[in-house]
Amino acid sequence: MLRGGVGLSLGLATVRERWTAFAGSFAALFLGAILVSATSTALLSAGPRLPDRLAGAQVLVTVPAVERPEGNFSPDRPWSPEQVVALQDRLAAIPGVERAVPDRSLYAQPVVDGVPVEDHRGHAWSSAALAPYRLVSGTEPRQAGQVALDRSLGRKPGTRVTVLTARGPAEYTVSGTVDGPGVYLSDGEAARLAGGVRLIGLLLAPGTDVAAVDSAARTAIGHDGRVFSGRARVAAEPLEDARIRWVGMQALTAMSILAASSAVFVTASAFAFGVAWRRQEFGLLRAVGATPRQVRASVYGEALAVGVVASAAGTALGAVLAPVLGDLLVALGFQPSGFTVRVRAWSLAGCFLVGIAVALLGAWSASRRAGRVSPLEALREAAADERPIPLSRKIAGGLLCVLGLAGAAVTATAGGNELVSFGLFTAAALICGLALLAPLIAPPVVRLATWPLGRLRGATGMIVRESALASVRRTASTAAPVLITVGFAVLVTGMTATTAASFDAARASVIRAESVVLPDGVAGLSDAAAGVGGAWSTLPTALYRVNGEAVPALGAERDHLLAAGLKPSQGSLEDFGGNNIVVKPWVAQQGWGLGQVVPVGFEDGCTVSLKVAAVVDDLPNSVLVPRDLVRAHDPSALAEEAFILGKAPDAVPGGLGTRIVAAEDYARVMSDEDDRLTWIFTVLLVAVSAGYTGVAIATTLMTAAAGRARDLVVLRLSGATAGQALRTVAVESVLVVVLGTLLGLAVAIPTLLGMRAGLAEQLSAPVPLVLPVPLILVVIGFCLLLAAGAAVFTARRAVRSQTDRSGD
Amino acid sequence: MCSGESGTWLEGMESKQSVELWSVRRTYRAAAREMRALDGVTTGFEAGTFTAVMGPSGSGKSTLLHCAAGLDRPTEGKVVIDGTDLGTLDETGLTLLRRERVGFVFQAFNLVSALTAEQNVFLPLRLAGKPVAPEEIRTALAEVGLADRGGHRPSRLSGGEQQRVAIARALITRPAVLFADEPTGALDTKTSRHVLRLLRDLVDRRRQTVIMVTHDPVAASYADRVLFLADGRIVDELVGRAGAEEVSARMTSLEARAC
């Protein structure tokens, strides 16, 4: 028989016999395995997808791509109108190509029964052939004012329909209905309303050799574009889909990592607790001849047994839940629509192994501690709680706290992207530091918090106070998961909300608006909507340098710019207008200096020479371009919001898809798509971490309560009623949650204040500290409920059974 | 008759000591004060004898047992078990020696609760990686009168039964010496007698060396020799089986002297 086998089988026997003691580790590992297997299955399924509406074109030709850094999804420069015509001719001339169809897309959102429909993508009628989508009834749109609609909208040919365009609402006649999504305008009108062309689809005659056309197309276009056929066509995935996928990937990766590391943390603390309560047993093993190595092996054996079962069950459930998660991700906007999850055996096998590794990793430090138990401990009466805090722990805790406070100070003066990383660093250092120092901090805080309890007439208060003080280690280790949950929740949500509020505050402070017009059920504000009540707005667009690199820009009006009181460091804002633009200093340094005339590509592919009229430090965007110039070259651009300087109009004209909010409420309205995604992501992170630490809280409190069964019996024998005994336990666990909450706030508040100061410095505007109080209260309530519930549930058994228990 | 025979055998093997203590001193530091638990103890425990160690609480009798058994290391002096000087062994060496040459029976918390009686008895051999025939385990349990209880977990055994399983486990490795720390401390009178008779029987039939710490004169009356400890020193000794009254009288005079 193998020697290591003894430890393993001993571990197995222990798990079989005392499965309740391992419930916490099991729950943590099970949860972790579900999350890791579901998210990794979803992650591996998330590849680029060819949109349905291009599926019928066997060869796709797209504009050349520029090198982009990770996470940058700025668009590629479109072809110029002349280039499109030339390429179309050249491609159509290839043998086997029936038609070369440029893909023209624009903003067009039909209003049905007074409500804008969800799908807002308009196309030229000829693009419908790329899917292909076919007419179900009526005729194709042949002239301006005609539109073909998705038949699911239920509009009959010949009826009138309102369509929101970038200019505003327009009346159209339905010419026909189509068996696919989208709004189709006549080619002529679409060419006027659409931006530039970035893709030409080739429709081939039946039986044509696709590879031959592919290579002929490459020769035909040379460096003017890229050619894709077969499965490679997924490269034509819309940038927006790629961006959503990327964001989803970030979210899923973060969640997997959080799940795995939380599982390690919870397993580690559960095992540490278990080892502390079983020192006597390990001492006995040592006394009858187990070497430290064999004792360690027995703890690993326990971890392995729990890990295998939890990981197998969790991985299996995760695989079942993965498709549900996929649908959820699409619904939340973390994956483009049409995303489907495929379960792969090898990835599940990987998850299973990861689960076991997590279990073993969690048991690592506990097993070392178990191995160091001396055989003499088998003879001690009970596990004593007065082991002093090791000096190394005090030093490490103190250092981390100092580092955390220093981090908060640095955060206050940091700028840009460093702000968030410093903030996170500060939080991590403070959380770890306080958790290490908890046994030191706990007594004074408990003494303070329970002072009124000691004055009460009942016995409960006194017992709670004294027992919490007597076993500091237990109090501290049960408060630690609460500290982490509350600290993390306050910090992460506060950080997100404060950052979002700061940018809005900065925008609002530049404009000094009283109210804000926001899109309501539409993709953005049309010109008509953005002009409601004399509001003014900016039009986001992209400019392209000669090398094809995109520069984000805003279309703005001179009067409003002057009214905003922006101070140029060079040049004058008076000259803004026509072909004259305003830039930020970093843009000026890259060849767009004051007075220079630069050729700039626009969204429609045209190149215009622009002159830099002024350089302004605190510009809301990199480049400001006169609004009408943007409108002329980017016919589908939509404003994200519009600001009303004076009094808001009493009534909003209907059918525009707008609503008006007061400027002070604006910060709290998560209207922005990115804000919404970030917020959902934040709440998900908080939920996952709260779920985990919830397991930790329940486990430690249950173990602690089980260990105190004898105390409770003594309490009962001294004349306490069952109710009084249980109340003692409940009040004590509430005390622990209060302690953890106080420490958690002590972590989060300095970090957030540091961040707020940093943001205010960076944006030179006062930034409010926004705390999502309801969410935080929910988290604290969750901790309270769980702690009291777990402790009372465990204690009830001890209190009930004390009558038929004799001695041991 | 039987004891006479045992006596001659003992005389012939006089130099055969299972455990020897040479000037063993053990001090503890507690709150900056030095506590002297053992203050220069020199004694030997002959093979095949049953020795009881008695003394008032705080006299150092438990420390003596821990040091003699290799559970604790003396501050000064030398402990020899079965010819091996414990001072020359590292932690693992000490563990291996305990596993092979020493058996333990404690007052309580004696068994691993997750394992059955049989598995508990089997444990030291499994830890040593030695193959065991199932009959051997059954015989060992039968010897302590628990032939039919092998499949039960400790929670389903009475205190006396648990103690007898612990004795079977301590003997499974055929140790040179069996240490017992208040083995009857948690048992009622009747069960105590049973356990003590079992220990006595082991000495008589198998020439097992037994060293037992106790505060119960009745328990001590089962031993061949009683050592009396006070303030970390051996202050008295009764050789030959003594009655409980005699042991009790010595204890009383010891405690009277201490006051």
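Residues numbered from 1 in each chain as written. Chains lettered and ligands numbered in written order. Predicted model: local features only at pLDDT ≥ 70, side-chain atom pairs only at ≥ 80, totals over all residues.

### Some remarks on the overall build of chain A
Filter applied, for reference: Secondary structure elements are defined from DSSP: runs of H or I of at least 4 residues count as helices, runs of E of at least 2 residues count as strands, and each element is numbered from the N terminus. We call a residue exposed when 12 or fewer other C-beta atoms sit within 10 Å of its C-beta, buried when the count reaches 20 or more, and partly exposed for counts in between; the C-beta positions come from the backbone. Distance between backbone-placed C-beta atoms decides contact: two residues are in contact if it is within 7 Å.
Regarding its fold elements, chain A presents 23 helices and 24 strands. Per-residue burial for chain A yields a buried fraction of 49% across its 808 residues. By sequence separation, contacts in chain A at least 24 residues apart represent 84% of the contacts at least 6 residues apart.

### Details of the overall build of chain B
On a plain count of helices and strands, chain B comes out with nine helices and ten strands. Out of the 259 residues belonging to chain B, those deemed buried represent 49%.

### Notes on the sheet that holds strand β10 (residues 233-239) of chain B
All names here are of chain B. As a reminder of what qualifies: Strands pair, by our definition, only if DSSP identifies at least two bridges between them. Note on geometry: axes are lines fitted to C-alpha atoms, helical ones only across the stretch in contact, with angles between N-to-C directions running from 0 to 180 degrees.
With respect to topology, six strands assemble into an open sheet ordered β6-β7-β8-β3-β9-β10, the strand pairing being mixed. Of all strands in the sheet, those with a lone pairing partner are β6 (102-105) and β10, marking the two edges. On average, adjacent strands in this sheet sit at an angle of 20 degrees to one another, irrespective of strand direction. Inspection of the sheet shows strand β3 (residues 50-54) paired to strand β9 (residues 225-230) by four bridges, in the parallel sense.

### Digging into helix α5 (residues 134-143) of chain B
All names here are of chain B. What counts here: By arc we mean the arc of the directions from the helix axis to the C-beta atoms, nothing more.
Those residues of α5 that fall on the buried side of the exposure criterion are I137, A140 and L141. The arc that holds the buried residues of α5, viewed along the axis, is 95 degrees, so those residues lie on one side. Immediately beyond the C-terminal end of α5, within one or two residues, lies G145, with a positive phi of roughly 80 degrees.

### A few points about the interface of chain A and chain B
The condition is simple: All amino acids are sorted into three groups, where Ala, Val, Leu, Ile, Met, Phe, Trp, Tyr, Cys and Pro are nonpolar, Asp, Glu, Lys and Arg are charged, and the leftover types, Gly among them, are polar.
Listed per partner, the contact involves 23 residues of chain A and 24 residues of chain B. Broken down by secondary-structure element, the contributors of at least two residues to the side of chain A that touches chain B are α1 (3-17), α7 (279-287) and α8 (292-332) of chain A. Sorting elements by how many residues they give to the side of chain A that touches chain B places α7(A) first, with six residues. Tallied by class, the residues present in the side of chain A that touches chain B amount to 13 nonpolar, five polar and five charged.

### Looking at the pairing of strand β14 (residues 515-519) of chain A
Residue and element names in this part refer to chain A. With four of five residues buried, β14 is to be regarded as a mostly interior element. Bridging between β14 and strand β23 (residues 642-644) involves three bridges; their strand directions are antiparallel. Bridging across to β23, V517 finds its partner in A642. Pairing analysis gives five bridges linking β14 to strand β24 (residues 658-662), with the strands arranged antiparallel. Paired with P519 across the bridge in β24 is T658.

### Some details on the environment of A27(A)
Residues and elements named next belong to chain A. Along the polypeptide, A27 turns up in helix α2 (residues 23-45). In this structure A27 comes out as buried when scored by C-beta crowding, with 23 C-beta atoms within 10 Å. Counting along the chain gives 239 residues from A27 to V266, while the straight-line C-alpha distance between them is 9.4 Å.

### Examining the packing of helix α4 (residues 117-127) of chain B against α5(B)
All names here are of chain B. The condition that has to hold: Oblique is the label for any angle not under 35 degrees, not over 145, and not in the 65 to 115 range, which are roughly parallel, roughly antiparallel and roughly perpendicular in turn.
Where α4 meets α5, the axes come as close as 10 Å, and the angle between the chain directions of the two elements is 110 degrees. Viewed along their axes, α4 and α5 adopt a mutual orientation that is roughly perpendicular. Together, A117, E118, V121 and F122 of α4 and I137, A140 and L141 of α5 make up the contact between the two elements. Grouping the constituent residues of the contact of α4 with α5 by class yields six nonpolar, no polar and one charged.

### A look at the packing of α2(A) against helix α6 (residues 239-277) of chain A
Residue and element names in this part refer to chain A. Inclusion rule: By the definition used in this description, the sense in which the near helix is turned from the far one sets the handedness, with an anticlockwise turn below a right angle giving left-handed and a clockwise turn giving right-handed.
Across the interface, α2 lies against α6 with an axial gap of 9 Å and an inter-helix angle of 165 degrees. Compared by their axis directions, α2 and α6 come out roughly antiparallel. Judged by the twist between their axes, the crossing of α2 over α6 is left-handed. Here G24, S25, A28, L29, G32, L35, V36, T39, S40, A42 and L43 of α2 come into contact with α6, specifically with M249, L252, M255, S256, A259, A260, S262, A263, V266, T267, A270 and F271. In the contact of α2 with α6, the residues fall into 15 nonpolar, eight polar and no charged.

### Observations regarding the environment of A588(A)
Residues and elements named next belong to chain A. In this structure, A588 sits in helix α17 (residues 585-589). Along the sequence, A588 and S622 sit 34 residues apart, while their C-alpha atoms lie 9.6 Å from each other. The contact partners of A588, leaving out residues within four places of it in the chain, are V583, G593, L594, V612 and V615.

### So, helix α6 (residues 159-171) of chain B
Residues and elements named next belong to chain B. Selection rule: What a helix should span is 1.5 Å times the count of its residues minus one.
Spanning 13 residues, α6 covers 19 Å between terminal C-alpha atoms, matching the ideal 18 Å at 1.5 Å per step. Along α6, eleven of the 13 residues are buried, which leaves the element largely enclosed by surrounding structure. Taken together, the buried positions of α6 are G160, Q162, Q163, R164, V165, A166, I167, A168, R169, A170 and L171. Against the buried residues of α6 lie β6, α4, α5, β7 (177-181) and α7 (189-206).

### Description of the sheet that holds β23(A)
Strand order in the open sheet made by the four strands is β15-β23-β14-β24 (chain A), with antiparallel pairing throughout. Each end of this open sheet is capped by a strand with a single partner; those strands are β15 (536-537) and β24 of chain A.

### Quick notes on the pairing of strand β10 (residues 169-178) of chain A
All names here are of chain A. Inspection of the sheet shows strand β7 (residues 135-138) paired to β10 by three bridges, in the antiparallel sense. From the neighbouring strand, G138 faces β10, where its bridge partner is G176. Sheet analysis places strand β8 (residues 146-150) next to β10, joined by five bridges and oriented parallel. The residue of β10 that forms the bridge with Q146 is T173. Taken together, strand β9 (residues 160-164) and the strand that follows it, β10, pair antiparallel across an intervening segment of four residues, in which G168 is found at a positive phi of about 150 degrees.

### Section: unusual backbone geometry
Cis geometry is found at the peptide bond from A131(A) to P132(A), where omega equals -5 degrees. Topologically, P132(A) is positioned in the loop between β6 (121-124) and β7. Of note in this structure, D231(B) is not a glycine but carries a positive phi near 50 degrees. Looking at where D231(B) falls in the secondary structure, it is placed in the loop between β9 and β10. Under the C-beta neighbour-count criterion, D231(B) is labelled partly exposed, with 15 such atoms within 10 Å.

### A closer look at the confidence of the model for chain B
Residue and element names in this part refer to chain B. Heads up, the condition is: A residue's pLDDT is the confidence the predictor assigns to it, expressed on a 0 to 100 scale.
Put simply, chain B has an average pLDDT of 84, and 92% of its residues get 70 or more. Throughout residues 1-14 the model reports pLDDT below 50, and contacts reaching past four residues in sequence, or to other chains, amount to four contacts. Predicted complex metrics record ipTM = 0.77 and pTM = 0.68.

### With respect to the environment of A725(A)
Mapped onto the secondary structure, A725(A) falls in helix α22 (residues 722-763). The sequence separation of A725(A) and V713(A) amounts to twelve residues, and the corresponding C-alpha distance is 8.9 Å.

### Quick look at the confidence of the model for chain A
Mean pLDDT for chain A: 81, with 88% of residues reaching 70 or above. Throughout residues 382-386 of chain A the model reports pLDDT below 50, and contacts reaching past four residues in sequence, or to other chains, amount to seven contacts.

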